[in-house]
Amino acid sequence: MSDKIFIFDTTLRDGEQVPGCQLNTVEKIEVAKSLEELGVDIIEAGFPVSSPGDFNSVVEISKAVTWPTICALTRAVPNDIKVAAEALQYARHKRIHTGIGTSDSHIKYKFNSTREEIIERAVAAVAYAKKFVEDVQFYAEDAGRTDNEYLARVVEAVIKAGATVINIPDTTGYCLPGEFGAKIKYLVEHVDGIHKVVISTHCHNDLGMATANTVSGLINGARQAEVTINGIGERAGNTALEEVVMTLRSHRELALDTNINATRISSISRQVSSLMNMPVQPNKAIVGRNAFAHSSGIHQDGVLKNRESYEIIDPKDVGIDENSIVLTARSGRAALKHRMHVLGVELEKEALDKAYEAFLKLADRKKEITDDDVLMLAGEHRTNHRIKVEYLQVTSGVGIKSVASVGLNIAGERFEACATGNGPVDAAISAIKIIIRRQMLVKEFLIQAINKGSNDVGKVHMTVEHDGRQYYGFSANTDIVAASAEAFVDAINKFVV
Ligand code: KIV
Ligand code: ZN
């Protein structure tokens, strides 16, 4: 009989802190529902005091989700805690996650404080949170670099104040697996009352050891793992949910398991990657495009004779169905709807109709429509922009100046302009600027191919500066110049109202 490991997903809080990955409330609800289907135990839905948008997302996710506990982050500050409790009012199961930095460096430079004062602030925060909810999780930020003896004193004090879960973050991703495991073991052996609470791991991946540290923590007594889908998160990211879950499933001898329905892993990975415009690296464990691809002759031969020769996980166990229906120009609306459903996307009738129209146009240009294409189509028809690119014509080549004519539809009215430029993208952007007439500067411009082949879809990510602030734009199109113009207009839609 395995011990249960609670899965605490922080994709919508720590994962969403990545610049350019912000989701709106509707998108967050979609991800939260997929997390519920996946079987996570706790969803960290946001940091309510940080912005009205985050507050609202916690409220709406609380209403939309039934089974998982909804958790809200706070600093050890009374107003943060009060606001978090308000945001959680509709959650069926609720948790406040409060805490403070405990490493000497945090105490000295971040708080200009002392070890004793930090313990007092930690205890006061937990006691205050207890006035609003029964389930209070405490985090000792930078616990990875906090000395074990002092960490044990902090943890003992907050347990006495009523904490139900103790989170031990390796905030900077500094620890070695043996060191992190030993830290958890030290707490298990030296803290009074530790057996009344759940110990949690929260490992960052700065040295590429987040999963190893998490698993080491679990082996040494932690019973909750804090993770994100695809390991997204600031800098090198957080611990990847799929890696922890499949490590435990692959190593039965550890006698540790989760409630995760692993067959949903592949679809939620794609959903999060698509909504956050954050491509998954092809060789990423479990969810990368190449994770189960055997290209060398020796490997292919071995796998054909017996899959287990080179695979420790059956791809079907994580929801990769090699026989899934291939969508082509002859596929009907129902097939597209079904594929979207499998990928965790549900569109209203009108959005589905538009997505289907765009699907047919794309399928005419490409032989096969991949899951990435489907997610891209779903994303495009979810947004309702005021400004749209109606047409774009560009002349470019060697030895001539590029010229672009653009037609924009702004709230139903057509505006047109022409411009020249250093290249086709520059010409298109200059023409759009003539129509919009605002000070705008393209700060970042990234083009990525989704798959392979010259007929494939390219994705464009763009950061545009306006009035001292940066706005993010995205588009995908088989025409890379059109994708660039659309990404520019996507960013403009975020500040022109
Ligand atoms: O990495 C970290 O320390 C955190 C805490 C706020 C839990 O994200
Ligand atoms: Zn973190």
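Scroll up a little and you will see the structure.
A short tour of the structure in this document, coming up.

Turning next to helix H7 (residues 177-190). An α-helix turns once every 3.6 residues. As a result, residues three or four positions apart point the same way. The terminal C-alpha atoms of H7 lie 20 Å apart, and with 14 residues this matches the ideal 20 Å at 1.5 Å per residue to within 8%. Looking only at H7, the buried set comprises Phe180, Gly181, Lys183, Ile184 and Leu187. For H7, the angular spread of the buried residues around the axis is 150°, confining them to a single face. In H7, the exposed residues that point more than 90 degrees away from the buried face are Gly178 and Glu189. Among the structural elements, helix H6 (148-160), strand E7 (165-170), strand E8 (198-203) and helix H8 (210-219) are those in contact with the buried residues of H7.

Taken as a whole and assessed by the stated rule, the structure comprises 30 salt bridges. Residue Lys63 is joined to Glu60 by a salt bridge in which the shortest nitrogen-to-oxygen separation is 3.5 Å. Of this pair, Lys63 and Glu60 both sit in helix H2 (residues 52-64), separated by 3 residues, roughly a single helical turn. Given a relative accessible area of 43%, Lys63 falls into the partly exposed group. Residues Asp353 and Lys349 are paired through a salt bridge, measuring 2.8 Å at the closest nitrogen-oxygen approach. Here the residue Asp353 and the residue Lys349 both occupy positions in helix H13 (residues 349-365), the gap between them amounting to 4 residues, near one helical turn. Here the residues in one salt-bridge network are Arg13, Asp14 and Glu44, joined through shared partners.

With that settled, the discussion passes to the side chain of Arg249. Residue position: Arg249 is located in helix H9 (residues 241-250). Separated by 2.9 Å, the side chains of Arg249 and Asp257 make a polar contact. Not counting residues up to four positions away in its chain, the partners in contact with Arg249 are Asp257, Thr258, Asn259, Ile260 and Ala262.

The strand order around the closed barrel formed by 8 strands is E2-E3-E4-E5-E6-E7-E8-E9, and the pairing between neighbours is parallel. Pairs of neighbouring strands in the sheet enclose a mean axial angle of 25°, with direction left out of account. As paired strands, strand E4 (residues 69-73) and strand E5 (residues 94-101) are joined by 4 bridges and run parallel to one another. Within E5, the residue paired with Cys71 across the bridge is Arg95. Where H6 meets the sheet, it contacts strand E6 (136-141) and E7, and its direction lies at approximately 150° from that of E7.

With 88 residues, the main nonpolar core has Leu35, Leu38, Phe138, Val155, Ile166, Ile168 and Ile265 as its most contacted residues. Ranked by residue count, the leading element in this core is H6, at 8 residues. Counting the residues that make up this core, at least three belong to each of domain 1 (6-275) and domain 2 (292-321). If we skip the residues at most four places from it in the chain, Leu38 touches Ile229, Leu241, Asn259, Ile260, Asn261, Arg264, Ile265 and Ile268. In this structure, Leu408, Ile410, Ile429 and Val464 belong to the second largest nonpolar core, which totals 30 residues.

If you trace the backbone, Ala485 turns up in helix H16 (residues 480-493). The exposure class assigned to Ala485 is buried, which follows from its relative accessible area of 1%. The spatial distance from the C-alpha of Ala485 to the C-alpha of Lys388 is 9.9 Å, given a sequence separation of 97 residues. Ala485 has contacts with Val389, Leu392, Ala428 and Ile432, leaving out every residue within four places of it along the chain.

Before going further, it helps to spend a moment on the state of the cysteines. For the structure shown, the criterion picks out 0 disulfides. No disulfide involves Cys175; its nearest neighbouring cysteine sulfur is the one of Cys203, lying 7.4 Å away.

Below, the discussion takes up the pairing of E6. The element E6 is largely enclosed, with a buried count of 6 among its 6 residues. Burial of the side chains of E6 extends over both faces: Val136, Phe138 and Ala140 are buried on one face and Gln137, Tyr139 and Glu141 on the other. Of the crossover connections in this fold, the one passing from E6 over H6 to the parallel E7 is right-handed.

The next point concerns the packing of aromatic side chains. Under the definition given, this model contains 3 aromatic pairs. Taking the centre distance of 5.2 Å and the plane angle of 90° together, the rings of Tyr128 and Phe132 count as edge-to-face. Judged by its relative accessible area of 24%, Tyr128 is partly exposed. Owing to a relative accessible area of 36%, Phe132 belongs among the partly exposed residues under this scheme. Sitting over the ring of Tyr90, Lys63 keeps its end group 4.7 Å from the ring centre.

This part is about the pairing of strand E11 (residues 387-395). Sheet topology note: the E11/strand E12 (residues 402-410) ladder contains 8 bridges and is antiparallel. Bridge pairing in E12 places Leu392 opposite Val406. What sits between the antiparallel neighbours E11 and E12 is a turn of 6 residues, in which Gly399 has the positive phi angle 80°.

Residues in close proximity to ligand 1 include Arg13, Asp14, His97, Tyr139, Glu141, Asn167, Pro169, Thr171, His202 and His204, which together make up its full environment. Within the contact set of ligand 1, an oxygen atom lies 3.1 Å away from a side-chain nitrogen or oxygen of Asp14. With respect to ligand 1, the side chain of His202 contributes an N or O atom lying 3.1 Å from an oxygen atom. Here ligand 1 loses 93% of its free accessible area of 260 Å² to cover by the protein chains. At the level of secondary structure, the elements contributing two or more residues to the shell around ligand 1 comprise E6 and E7. Residues of the shell around ligand 1, tallied by class, amount to 2 nonpolar, 5 polar and 3 charged.

Reading the values: the criteria
- Residues numbered from 1 in each chain as written.
- Chains lettered and ligands numbered in written order.
- Predicted model: local features only at pLDDT ≥ 70, side-chain atom pairs only at ≥ 80, totals over all residues.
- Heavy atoms only, no water.
- Helix = DSSP H or I, 4+ residues; strand = E, 2+ residues; numbered from the N terminus.
- Expected span 1.5 Å × (residues − 1).
- Buried < 20%, exposed > 50% of the residue type's maximum accessible area, 1.4 Å probe, protein only.
- Arc of directions from axis to C-beta.
- Contact = heavy atoms within 4.5 Å.
- Salt bridge = Lys/Arg side-chain N within 4 Å of Asp/Glu carboxyl O.
- Polar contact = N/O pair within 3.5 Å; in protein donor to acceptor, adjacent residues only side chain to side chain.
- Pairing = 2+ DSSP bridges.
- Axes fitted to C-alpha atoms, helices over the stretch in contact; angles between N-to-C directions.
- Core = buried A, V, L, I, M, F, W, Y, C linked by side-chain atoms within 4.5 Å.
- Domains from an automatic or database assignment.
- Disulfide = S-S within 2.5 Å.
- Right-handed = clockwise from strand over helix to strand, strands pointing away.
- Phe/Tyr/Trp six-rings, centres within 6.5 Å; stacked < 30°, edge-to-face > 60°.
- Lys NZ or Arg CZ within 6 Å of the ring centre and 35° of its normal.
- Near = heavy atom within 4 Å.
- Areas by Shrake-Rupley, 256 points an atom, 1.4 Å probe, with all protein chains shown as cover.
- Nonpolar A, V, L, I, M, F, W, Y, C, P; charged D, E, K, R; others polar.

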